[in-house]
Amino acid sequence: MRKSICLLAAAALLAGSLAGCSGNGGAETQGTQTTATAGGETTAAPEAGNEETTEAAAPAGEVKKIIIGASPAPHAEILRAAGDVLAEKGYELDIKEYVDYIQPNLALESGDLDANYFQHLPYLESFNEENGTKLVSAAAIHYEPFGIYAGKTKSLEELADGATVAVPNDTSNEARALLLLEAQGLIKLKDGAGLTATKNDIVENPKNIKLYEVEAAQIPRSIDDVDVAVINGNYAIDAGFKVSDALAVEDSQSIAATTYGNVIAVQEGKENDEAVKALIEALESDQVKAFIESTYEGAVVPLY
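The rules behind the values
Residues numbered from 1 in each chain as written. Predicted model: local features only at pLDDT ≥ 70, side-chain atom pairs only at ≥ 80, totals over all residues. Heavy atoms only, no water. Helix = DSSP H or I, 4+ residues; strand = E, 2+ residues; numbered from the N terminus. Buried < 20%, exposed > 50% of the residue type's maximum accessible area, 1.4 Å probe, protein only. Contact = heavy atoms within 4.5 Å. Areas by Shrake-Rupley, 256 points an atom, 1.4 Å probe, with all protein chains shown as cover. Core = buried A, V, L, I, M, F, W, Y, C linked by side-chain atoms within 4.5 Å. Axes fitted to C-alpha atoms, helices over the stretch in contact; angles between N-to-C directions. Parallel < 35°, antiparallel > 145°, perpendicular 65-115°, else oblique. Left-handed = near helix turned anticlockwise from the far one by under 90°. Nonpolar A, V, L, I, M, F, W, Y, C, P; charged D, E, K, R; others polar. 1 Å grid on protein atoms, 1.4 Å probe; cavity = no way out; pocket = protein on both sides within 12 Å on 5 of 7 lines; lining within 4 Å. Points joined across faces, edges and corners; volume = space filled by probe spheres on them. Phe/Tyr/Trp six-rings, centres within 6.5 Å; stacked < 30°, edge-to-face > 60°. Salt bridge = Lys/Arg side-chain N within 4 Å of Asp/Glu carboxyl O.

Here we take up the overall build of the chain. Scanning the chain from terminus to terminus reveals 11 helices and 15 strands. The proportion of buried residues among the 304 residues of the chain is 43%. Here the analysis covers contacts within the chain between residues at least 6 apart in sequence; of these, 70% occur between residues at least 24 apart. A total accessible area of about 15800 Å² is found for the chain, and carbon and sulfur atoms account for 49% of it.

In structure tokens form, the structure reads like this:
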């Protein structure tokens with residue numbers, strides 16, 4: 001009997017000792033849980049009621065990261081201007097620059113990016129169709145007007161019969177070039193050709209213009225070999241051309257300008273994420289609009 005009582009007392013003491021160790025161990029190993037910030041970073045978040053851990057793991061004003069892919073000019077430049085606005089909202093913008101139009105969409109689809117900014121909606125929709133991706137536009141930010149720039153001939157009025165005009169050789173950009181030439185009275189397209197127009201849709205060509213079809217990025221390098229050239233806005237910027245020097249520019253109300261606005265693309269279903277909304281608000285701020293207008297002098301036009 002006495003032996004049983006002693007054993008019970010010893011067991012009680014041992015249980016009390018283990019409970020004390022368990023309590024200390026719980027404070028060290030279960031006081032935080034891992035949560036994800038925008039862009040995939042992880043940070044320690046405290047459990048409720050653990051005040052000491054709260055101060056150490058989740059300091060006030062924690063910066064959230066947005067990872068975005070962009071072409072160098074003008075998109076990455078515009079994003080850097082938006083970075084200051086985002087910083088005030090508690091976001092850090094991590095800009096990944098791409099020199100092609102394939103990888104930034106693949107990186108967005110795989111989740112390596114939170115958004116990208118380099119393309120217009122028709123290209124995005126075509127990419128989805130061809131690659132089985134599910135990317136959407138969260139907002140249209142700006143458009144880059146096509147311009148006709150002087151090569152051997154210094155004005156449109158001076159264009160001789162049989163003049164050579166360089167235009168982009170891809171479908172969507174060539175259509176824009178043809179619409180701009182039509183707007184200047186140099187050619188006439190068949191009714192309804194619109195944004196699908198090709199050279200086969202030219203029904204009137206009073207000056208017998210010869211189209212020189214070139215990969216869009218290469219046109220600035222070919223300008224000395226042609227009479228005039230129709231150049232994409234971003235490639236004109238890269239080549240140092242000023243829109244104020246263009247012989248003609250797309251009208252801001254033209255079907256091309258309104259259709260080919262450059263968009264913030266995100267994964268389907270993430271259009272209303274808080275980080276995405278903060279990014280768009282920053283890009284549409286007065287501060288960024290002023291930067292665009294003063295920096296690009298009409299070569300990039302805000303759509304807001």
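That shown, we press on.
In this structure, I264 and L279 are the most contacted members of the largest nonpolar core, which totals 44 residues. No other element matches the 7 residues that helix α10 (residues 274–283) contributes to this core. Beyond its immediate stretch of four places on either side in the chain, I264 contacts I68, A115, N116, Y117, V136, S137, A138, A139, I141, L279 and L283. With 25 residues, the next largest nonpolar core counts I148, A177, L179 and L189 among its residues.

Take the packing of helix α3 (residues 72–88) against α10 next. The interhelical angle for the contact between α3 and α10, taken along N-to-C directions, is 110°, at an axis separation of 8 Å. As summarised for this structure, α3 and α10 are arranged roughly perpendicular, according to the angle between their axes. The handedness of the crossing between α3 and α10 is right-handed. From α3, I78, L79, A82, V85 and L86 reach across to α10, where they touch A278, L279, A282 and L283. Residue classes in the contact of α3 with α10 are distributed as 9 nonpolar, no polar and no charged.

Another aspect to go through is the packing of α3 against helix α11 (residues 286–296). Between α3 and α11, whose axes approach to 9 Å, the crossing angle comes to 145°. For the pair α3 and α11, the crossing hand works out as right-handed. Between α3 and α11, the residues in contact are P74, E77, I78, A81, A82, D84 and V85 and Q287, V288, F291, I292 and Y296, respectively. Each residue belonging to the contact of α3 with α11 can be placed in one class, and the counts come to 9 nonpolar, 1 polar and 2 charged.

All chains considered together, the criterion is met by 1 cavity of 30 Å³ or more. Roughly 40 Å³ of internal volume is contained in the largest cavity. Every residue lining the largest cavity is listed: P145, Y149, G233, A236, I237, F241, V243, G298 and A299. For the lining of the largest cavity, the leading source of residues is helix α8 (residues 233–238), giving 3 residues. Classifying every residue of the lining of the largest cavity gives 7 nonpolar, 2 polar and no charged.

It is worth spelling out the layout of surface pockets at this point. Which parts of space are left empty comes out when a probe the size of a water molecule is rolled across the atoms. Computed from the structure, the largest pocket encloses a volume of approximately 360 Å³. Every residue lining the largest pocket is counted, 21 residues in all, and those nearest its centre are Y101, H120, N173, N232 and N234. Among the elements that take part in the lining of the largest pocket, helix α6 (residues 171–183) stands out by supplying 4 residues, more than any other.

Here we take up the side chain of N105. Tracing the chain through its elements places N105 in helix α4 (residues 103–110). Classification of N105 by relative accessible area gives buried; the value is 0%. If we skip the residues at most four places from it in the chain, N105 touches N116, F118, Q119, Y123, L124, F127 and L135.

On to the packing of aromatic side chains. Using the criterion set out here, one finds 6 aromatic pairs in the structure. Relative to F118, the ring of Y101 lies with its centre 5.3 Å away and its plane at 40°, an arrangement referred to as tilted. Here Y101 is found in the loop between β4 (91–97) and α4, whereas its partner F118 is found in strand β5 (residues 115–120), with 17 residues between them in sequence. Y101 sits in the partly exposed class, given a relative accessible area of 29%. Judged by centre distance (6.1 Å) and plane angle (90°), the rings of F291 and Y296 are edge-to-face. With a relative accessible area of 26%, F291 lands in the partly exposed category.

Turning our attention to the pattern of salt bridges. The tally for this structure, following the rule as stated, stands at 7 salt bridges. A salt bridge links E281 to K89; the shortest N-O distance between them is 3.4 Å. In this pair, E281 sits in helix α10 while K89 sits in the loop between α3 and β4, placing the two residues 192 residues apart along the sequence. With its nearest N and O atoms 3.4 Å apart, the salt bridge here joins K96 to D94. For K96, a relative accessible area of 36% puts it in the partly exposed group.

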